[in-house]
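Okay, here's what each chain looks like letter by letter:
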Amino acid sequence: MGPIKGVVGPRVFLTTYRNLSSIQRSYINIIMLKTTTVQHKSAAASRAVPTAVFKHKAAQRASWRVSAAAIEKEDYVDKVPDSLLREGIDDPNSMRGRFERVIRDAQDSICAAISEVDGQPFHQDAWTRAGGGGGITRVLKDGNVWEKAGVNVSVVYGSMPAEAYRAAIGHDVKDLKDADRVPFFAAGISSVMHPWNPHCPTMHFNYRYFETDDWNGIPGQWWFGGGTDITPSYVVEEDMKHFHGTYKDICDKHDPEFYPKFKAWCDEYFTIKHRQEMRGLGGIFFDDLNDRDPEKILAFSTECVNNVANAYVPIVKKHMNDPYTEEEKAWQQLRRGRYVEFNLVYDRGTTFGLKTGGRIESILMSLPKTAGWEYDHTPAPGTPEAEFMDACKNPRNWV
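Residues numbered from 1 in each chain as written. Predicted model: local features only at pLDDT ≥ 70, side-chain atom pairs only at ≥ 80, totals over all residues. Heavy atoms only, no water.

Engineer: Give me the side chain of E211: which residues, what numbers.
Structural biologist: Secondary-structure assignment places E211 in strand β10 (residues 202-212). One polar contact links E211 to Y209, side chain to side chain, over a distance of 2.5 Å. (Helix = DSSP H or I, 4+ residues; strand = E, 2+ residues; numbered from the N terminus. Polar contact = N/O pair within 3.5 Å; in protein donor to acceptor, adjacent residues only side chain to side chain.)

The structure is reproduced here in structure tokens:
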């Protein structure tokens, strides 16, 4: 499959795309930042979400209604099929099949690495859908090291409204009617891990692949997205050098421009705007990546997800037996509160999934088991907590 110009479409569309509301961008991304599994049935089975306004490149505005696709019933299974692709329709050697294999293998290896440290297994829920696709959610809770850790995989088949498709490619398409729906495929893996010890960081990652089908003479589009980021409660420069250094080395192998670009994008995306601070201490984040041969992006995404454990687990093993005070635990709870604020207010996958009735347990898997808030809390100057706040408000270059 050769490169296809699309999704964000012509490069001039990027500015418009980044000005979209979170709901609009979430729809275009088909919520693959989380494992919501949305599929279209009939118009009568669909339910609508509020009208949104699409900001055109030339600052023109046009109202459009996002029709949320109906959720097809989940068929829970004890044994997960070797592939969640549509049997006899999708080629297992296609990009769809190969990316599914990457994320299924990554789920296995990452869960194994976490269980080896924690000593406890993951609980698994798995399901398929009659029209194709399905999901696998694995959660470890009340472990020896992690209070809660989850790794989700999902494969989704659905359709997007004509207006969302036009927004995605940045121009009108001849013979595409307003009532038309363009078929899409999406697959992704996402994870969040919350340790007990406040000196062990929370970690999040997700990697995803998206396609629209060739349909009624309209060419298909594709893109990759993903990233890995870290959210400690305290600044330990050695740890940050290891985490960021792992991903800088990977980025530099594939494109020297990747790390500075994706690191800055991560800092921007994970900013809690109403607090004017970042959720954590960053990592890498990229979206709508389709500017080169898809084989190269697949190789990059594969290496990124396969190094999650290498970037994260050594930091946890280093600190999981560190002593801590009640005050340090309380600070961790406050930082988890910030984590909750970001995920419920700003995270595109979470907010869209909640508005469209996806599988709630998978959508909210990212939230910590416990969190805290205090009125007008400000760390005392010169404390480790104050240093952490400074790093959240003023992004640092760790490598």
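Engineer: Mind laying out the environment of G349, listing which residues take part and the relevant values?
Structural biologist: Tracing the backbone shows G349 in helix α10 (residues 348-356). What makes G349 buried here is its relative accessible area of 2%. (Buried < 20%, exposed > 50% of the residue type's maximum accessible area, 1.4 Å probe, protein only.)

Engineer: A description of the packing of helix α5 (residues 237-254) against helix α6 (residues 258-269) should follow, citing residues and the corresponding values.
Structural biologist: Contact pair α5 / α6: the axes reach a minimum separation of 8 Å and the direction vectors enclose 130°. With respect to α6, the axis of α5 lies oblique. Mapping the contact onto sequence places H244, Y247, K248, C251, D252 and H254 in α5 and F258, Y259 and K263 in α6. The residue makeup of the contact of α5 with α6, split by class, is four nonpolar, two polar and three charged. (Axes fitted to C-alpha atoms, helices over the stretch in contact; angles between N-to-C directions. Parallel < 35°, antiparallel > 145°, perpendicular 65-115°, else oblique. Contact = heavy atoms within 4.5 Å. Nonpolar A, V, L, I, M, F, W, Y, C, P; charged D, E, K, R; others polar.)

Engineer: Any chance you could break down the layout of surface pockets for me, citing the residues and the numbers?
Structural biologist: Quantified by volume, the second largest pocket comes out at close to 300 Å³. In this structure, the second largest pocket is lined by 13 residues; those nearest its centre are V139, K141, K148, E361 and M365. Of all elements in the fold, only β6 (123-128), β7 (134-141), β8 (146-161) and α11 (360-363) reach the threshold of two or more residues within the lining of the second largest pocket. Residue contributions to the lining of the second largest pocket peak at three residues, all from β7. Partitioned by chemical class, the residues of the lining of the second largest pocket number four nonpolar, two polar and seven charged. (1 Å grid on protein atoms, 1.4 Å probe; cavity = no way out; pocket = protein on both sides within 12 Å on 5 of 7 lines; lining within 4 Å. Points joined across faces, edges and corners; volume = space filled by probe spheres on them.)

Engineer: Please give an account of the packing of aromatic side chains that cites residues and values.
Structural biologist: Inspection of the entire model under this criterion finds 26 aromatic pairs. Where F258 meets F262, the ring centres are 4.7 Å apart and the plane angle is 25°; that geometry is what we call stacked. Here F258 pairs with F262, and both are found in helix α6, just four residues apart, close to one helical turn. The burial state of F258 is the same as that of F262; both residues are buried. The interplanar angle of 50° and the centroid separation of 5.4 Å between the aromatic rings of F286 and F300 together place this pair among those described as tilted. Of this pair, F286 sits in strand β14 (residues 283-289) while F300 sits in helix α7 (residues 294-306), placing them 14 residues apart in sequence. The exposure class of F286 is buried, given its relative accessible area of 0%. Taken together through their ring pairs, the aromatic side chains of F205, Y207, F258, F262, W265, Y269, F270, F285, F286, F300, F342 and Y346 make up a single cluster. For the cation-ring pair, K273 lies above Y346, with the distance from its terminal atom to the ring centre recorded as 4.9 Å. The ring centre of Y339 lies 3.9 Å from the NZ or CZ of R279, which sits over that ring. (Phe/Tyr/Trp six-rings, centres within 6.5 Å; stacked < 30°, edge-to-face > 60°. Lys NZ or Arg CZ within 6 Å of the ring centre and 35° of its normal.)

Bear in mind that shape data such as this cannot, by itself, settle questions of function.
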